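# Understanding the architecture of this molecule
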Amino acid sequence: MSELEKIKQNIIFQLRGLCAHCATANPNPHRCLSGELSARVESLRGVSLMVNNEFKGVLFPRV
């Protein structure tokens, strides 16, 4: 798993903790801002910028 994926998973985990339904993995459908933000974070794509084995950021493609 790349550094970018690890950071994204950490952010998604923290965002889901902000909603009681998402934090308890409630199967009932609901709509929350943290769920929408999690989906946006998960959809981010780019190339990890590594310098001396250290994560420095992400290069995003131009659209």
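Residues numbered from 1 in each chain as written. Predicted model: local features only at pLDDT ≥ 70, side-chain atom pairs only at ≥ 80, totals over all residues. Heavy atoms only, no water.

## Concerning the pattern of salt bridges
What counts, and what does not: When a carboxyl oxygen of Asp or Glu is within 4 Å of a side-chain nitrogen of Lys or Arg, the pair counts as a salt bridge.
In total, this model carries three salt bridges according to the counting rule given. Residue Arg31 is joined to Glu36 by a salt bridge in which the shortest nitrogen-to-oxygen separation is 3.5 Å.

## Looking at a nonpolar patch on the surface
Basically, it comes down to this: Each patch is assembled from residues with relative accessible area greater than 30% and no salt bridge, linking like charges that lie within 9 Å and nonpolar side chains (Val, Leu, Ile, Met, Phe, Trp, Tyr) that lie within 5 Å. Methods summary: accessible areas were calculated by the Shrake-Rupley approach with a probe of 1.4 Å, and residue burial reflects only the protein chains presented. Strands are runs of DSSP state E lasting at least two residues, helices are runs of H or I lasting at least four, and both sets are numbered from the N terminus onward. Exposure categories follow from relative accessible area, calculated using a 1.4 Å probe and restricted to protein chains: below 20% of the type maximum is buried, above 50% is exposed, and the middle band is partly exposed.
Side chains of Val47, Leu49, Val51 and Leu59 sit close together on the surface and give an oily, nonpolar patch of about 330 Å² of accessible area. Considering each element in turn, the nonpolar patch owes the most residues, three residues, to strand 1 (residues 47-51). Mapped onto the elements, Val47 comes out in strand 1. The class for Val47 is exposed, based on a relative accessible area of 53%.

## A word on the environment of Ser34
Selection criterion: Residue contacts are counted whenever heavy atoms from the two residues lie within 4.5 Å of one another.
Residue placement: Ser34 occurs in helix 3 (residues 33-42). Taking the C-alpha atoms as reference points, Ser34 and Ile12, separated by 22 residues in sequence, lie 8.7 Å from one another. Setting aside its immediate chain neighbours within four residues, Ser34 contacts Leu15, Leu18, Cys19 and Cys22.

## Describing helix 3
Note that an α-helix has 3.6 residues per turn; residues three or four places apart therefore point the same way. What counts is decided by this rule: The directions from the helix axis to the C-beta atoms form the arc being described.
Here helix 3 has its buried residues at Ser34, Ser38 and Val41. When helix 3 is viewed along its axis, its buried side chains cluster within an angular range of 65° and face the same direction. Looking at helix 3, the residues exposed on the side facing more than 90 degrees away from the buried face are Leu33 and Arg40. Here the buried face of helix 3 lies against helix 1 (3-16) and helix 2 (20-23).

## Points about the packing of helix 1 against helix 3
Defined as follows: An axis is simply a line fitted to the C-alpha atoms; with a helix, the fit covers only the stretch in contact. Between two such axes, the angle follows the N-to-C directions and lies from 0 to 180 degrees. Working rule for angles: under 35 degrees goes down as roughly parallel, over 145 as roughly antiparallel, 65 to 115 as roughly perpendicular, anything else as oblique. Side-chain classes follow a simple rule in which Ala, Val, Leu, Ile, Met, Phe, Trp, Tyr, Cys and Pro form the nonpolar group, Asp, Glu, Lys and Arg form the charged group, and the remainder, Gly included, forms the polar group.
It is the contact of helix 1 with helix 3, at a shortest axis distance of 9 Å, that shows an interaxial angle of 175°. Between helix 1 and helix 3, the interaxial angle falls into the category roughly antiparallel. Residues Lys8, Ile11, Ile12, Leu15 and Arg16 of helix 1 form the contact with helix 3, whose own contacting residues are Ser34, Leu37, Ser38, Val41 and Glu42. Among the residues making up the contact of helix 1 with helix 3, the classes are represented as five nonpolar, two polar and three charged.

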